[in-house]
Amino acid sequence: MSEAIKTDVLIIGAGPCGLFAVFELGLLDMKVHLVDILDKIGGQCAELYPEKPIYDIPGIPFVTGQGLTEALLEQIKPFNPNFHLNEMVESIEKIGDPGFRVTTDAGKVFECKIVVVSAGGGSFQPKRPPVPGIEAYENTSVFYAVRKMEQFRDREILIVGGGDSALDWTLNLHPLAKRITLLHRRDDFRAAPHSVEQMRKLVADGKMDLKIGQVTALEGADGQLSGAQVKGSDNAMSTVSCDTMLPFFGLTMKLGPVANWGLQLENNLVPVETASFETNVPGIFAIGDINTYPGKLKLILSGFHEGALMAQKAHRYVYPDKRLVFQYTTSSSSLQKKLGVN
Ligand SMILES: Cc1cc2nc3c(=O)[nH]c(=O)nc-3n(C[C@H](O)[C@H](O)[C@H](O)COP(=O)(O)OP(=O)(O)OC[C@H]3O[C@@H](n4cnc5c(N)ncnc54)[C@H](O)[C@@H]3O)c2cc1C
């Protein structure tokens, strides 16, 4: 087990509500680390609708999902939060009163006084392609994410999909792979046009292969892939030689390990009381889409409000001897100093 990272607050989920919580906690002098299973910051806004407009963020008539994420990141810059992406929080263990040891699937350990669960609808998990027996190859020859590129050096890789992930990994892994074949069900890609252009140039130069069709079966033994049978758009069958397959079929949200943390659950949501958004476990708070209470609206603005009230109660745990004085950012020189604006 690695040495524990010590922090005041560990936030699970770097969606908009987790991000704004960093601001509210930072104003009250609490240091934060955030963990997210995604490879990017912004939760649903960045993953599901980066280019769609949001019209109901108070005071901002129009902003895209990605635009909001970038604005939140700019706002929390003075507090220098630490992000741990591509990692899923698996377990939370009570070690103090309050005090918690939090462990990720990458073996990273945090020791913190407060946990804030801002896990949205749960963890984003990859969709499994409908190929019989694929489970037997998962994590040995079939991978749904690239955590370390080096792992794929000199591999004969079949990348399946037509979106940004499929195209980005085709281009990124191309220099170190033995050979890359990109397979998509039609010769039309949803990915950024520039990436598609680069991929087509590599194909034209004979540096990689492009196939149109769908995987119908896998060939290999003991979890080691040797090829994939492909049905072409003309129904002709062929075999693509490969030792590794990377399917990128999008993500779906599943509650995941949140269910195992000793938190009360109601229809896969975490009930909280509305003065501080604390859960049934003192010191663990839940904000944003993951929580439930009478009248809850799954809106970003609700999560912002929840984060502000959560920080007030969290302060009592982190600084039990300090009295909190309510202050406005417009008029408090101490808050402005923390924001680096005076
Ligand atoms: C298409 C669409 C349009 C929308 N439009 C609007 C709108 O106009 N206005 C509005 O207010 N809202 C809108 N919403 C809803 C809004 O996006 C959500 O309310 C908001 O994203 C919730 O934020 P959050 O931070 O609570 O959770 P999320 O954004 O869901 O982020 C949660 C994060 O937690 C991570 N996570 C979960 N479990 C774990 C774990 N165990 N370990 C590590 N990480 C974990 C997930 O990977 C995820 O990144 C829209 C949603 C969709 C899908």
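Being a predicted model, the structure only gives us computed values, none of them experimental.

## Regarding the overall build of the chain
Part 1 of the argument: A tally of regular secondary structure across the chain gives 7 helices and 19 strands.
Part 2 of the argument: Projected onto its principal axes, the C-alpha coordinates of the chain cover approximately 70 × 40 × 40 Å.
Part 3 of the argument: Considering the chain as a whole, with its 342 residues, one finds that 49% of them fall into the buried category.
Part 4 of the argument: Look at the contacts in the chain between residues 6 or more apart in sequence, and 58% of them connect residues 24 or more apart.
Part 5 of the argument: Here the chain displays about 16,700 Å² of accessible surface, and carbon together with sulfur accounts for 51% of that area.
Part 6 of the argument: Separation between the mean location of the 34 positive side-chain charges and that of the 39 negative ones in the chain comes to 2 Å.

## A closer look at unusual backbone geometry
Part 1 of the argument: A cis amide bond links D97 to the next residue, P98, at an omega of -5°.
Part 2 of the argument: The topology assignment puts P98 in the loop between β6 (89-96) and β7 (99-104).
Part 3 of the argument: For D154, which is not glycine, the phi dihedral falls at a positive 60°.
Part 4 of the argument: Tracing the backbone shows D154 in the loop between β9 (123-126) and β10 (156-160).
Part 5 of the argument: The exposed category is assigned to D154, whose relative accessible area is 54%.
Part 6 of the argument: With a phi close to 65°, F277 is a non-glycine residue in the positive phi region.
Part 7 of the argument: Along the chain, F277 falls in the loop between β17 (270-271) and β18 (284-286).
Part 8 of the argument: According to the relative accessible area criterion, F277 is buried, its value standing at 2%.

## What to know about the UniProt feature "binding site: FAD" in the chain
Part 1 of the argument: The feature "binding site: FAD", as annotated in UniProt, sits at C17, D36, Q44, Y49, V89, F124, D289 and T330 in this numbering. For the annotated residues, spread through 314 residues, the largest C-alpha to C-alpha distance comes to 38.0 Å, inconsistent with a single compact locus. For the largest pocket, the lining residues drawn from the annotated set are F124.
Part 2 of the argument: Examined against the element boundaries, V89 turns out to sit in strand β6.
Part 3 of the argument: When its relative accessible area of 4% is taken as the criterion, V89 is described as buried.
Part 4 of the argument: Mapped onto the fold, T330 is located in the loop between α6 (300-318) and α7 (333-339).

## With respect to the confidence of the model for the chain
Part 1 of the argument: Put simply, the chain has an average pLDDT of 95, and 99% of its residues get 70 or more.
Part 2 of the argument: Complex prediction metrics read pTM 0.82 and ipTM 0.99.

## So, the pairing of strand β13 (residues 224-232)
Successive residues of a regular strand alternate their side chains across the two faces of the sheet.
Part 1 of the argument: Where strand β12 (residues 209-221) and β13 come together, 8 bridges link them in antiparallel fashion. Its bridge partner lying in β13, E219 is registered against G227.
Part 2 of the argument: In textbook terms, the turn of a hairpin is the stretch between consecutive antiparallel strands, and for β12 and β13 this stretch comprises 2 residues, one of which, D222, has a positive phi near 50°.
Part 3 of the argument: Where β13 lies against strand β14 (residues 237-241), 5 bridges are found, and the strand directions are antiparallel. Of the residues in β14, the one forming a bridge with Q229 is T239.
Part 4 of the argument: Between the end of β13 and the start of β14, which pair antiparallel, lie 4 residues, with N235 showing a positive phi angle near 70°.

## Let's talk about the site of the ligand
Part 1 of the argument: Lining the immediate surroundings of the ligand are 34 residues, of which D36, Q44, Y49, D289 and I300 lie closest.
Part 2 of the argument: Take Q44: an N or O atom from its side chain is 2.8 Å from an oxygen atom of the ligand.
Part 3 of the argument: In the environment of the ligand, an oxygen atom lies 2.5 Å from a nitrogen or oxygen atom belonging to the side chain of Y49.
Part 4 of the argument: The fraction of the free accessible surface of the ligand (1,000 Å²) that becomes covered by protein chains is 87%.

## Brief notes about the sheet that holds β13
Part 1 of the argument: Spatial ordering of the open sheet is given by β14-β13-β12-β11-β10-β15, a layout of 6 strands whose pairing is mixed. Of all strands in the sheet, those bounded by a partner on one side alone are β14 and β15 (244-247). Taking each pair of neighbouring strands and ignoring which way they run, the sheet shows an average axis angle of 40°.

## Description of the packing of aromatic side chains
Part 1 of the argument: Under the definition given, this model contains 8 aromatic pairs.
Part 2 of the argument: For the pair F23 and F79, a centre-to-centre distance of 5.8 Å together with 75° between the ring planes defines the contact as edge-to-face. Taken as a pair, F23 in helix α1 (residues 16-27) and F79 in the loop between α3 (65-76) and β5 (82-85) lie far apart in primary sequence, 56 residues in all.
Part 3 of the argument: Residue classification places F23 among the buried positions, given a relative accessible area of 8%.
Part 4 of the argument: Between the aromatic rings of F285 and Y317, the centroid separation amounts to 6.3 Å while the plane-to-plane angle is 65°, which identifies the pairing as edge-to-face. Here the residue F285 occupies a position in strand β18, and Y317 occupies one in helix α6, the gap between them amounting to 32 residues.
Part 5 of the argument: On the basis of relative accessibility, which here comes to 0%, the residue F285 falls in the buried class.
Part 6 of the argument: Cluster of aromatic residues (ring-pair linked, three or more members): F20, F23, F79 and F304.
Part 7 of the argument: Lying across the ring of Y319, K322 places its NZ or CZ 4.2 Å from the centre.

Analysis parameters
- Residues numbered from 1 in each chain as written.
- Predicted model: local features only at pLDDT ≥ 70, side-chain atom pairs only at ≥ 80, totals over all residues.
- Heavy atoms only, no water.
- Helix = DSSP H or I, 4+ residues; strand = E, 2+ residues; numbered from the N terminus.
- Buried < 20%, exposed > 50% of the residue type's maximum accessible area, 1.4 Å probe, protein only.
- Contact = heavy atoms within 4.5 Å.
- Areas by Shrake-Rupley, 256 points an atom, 1.4 Å probe, with all protein chains shown as cover.
- Lys, Arg positive; Asp, Glu negative; His and termini not counted.
- Charge placed at Lys NZ, Arg CZ, Asp CG, Glu CD.
- UniProt positions renumbered as here; feature names shortened; annotations may be inferred.
- 1 Å grid on protein atoms, 1.4 Å probe; cavity = no way out; pocket = protein on both sides within 12 Å on 5 of 7 lines; lining within 4 Å.
- pLDDT = per-residue confidence, 0-100.
- Pairing = 2+ DSSP bridges.
- Near = heavy atom within 4 Å.
- Polar contact = N/O pair within 3.5 Å; in protein donor to acceptor, adjacent residues only side chain to side chain.
- Axes fitted to C-alpha atoms, helices over the stretch in contact; angles between N-to-C directions.
- Phe/Tyr/Trp six-rings, centres within 6.5 Å; stacked < 30°, edge-to-face > 60°.
- Lys NZ or Arg CZ within 6 Å of the ring centre and 35° of its normal.

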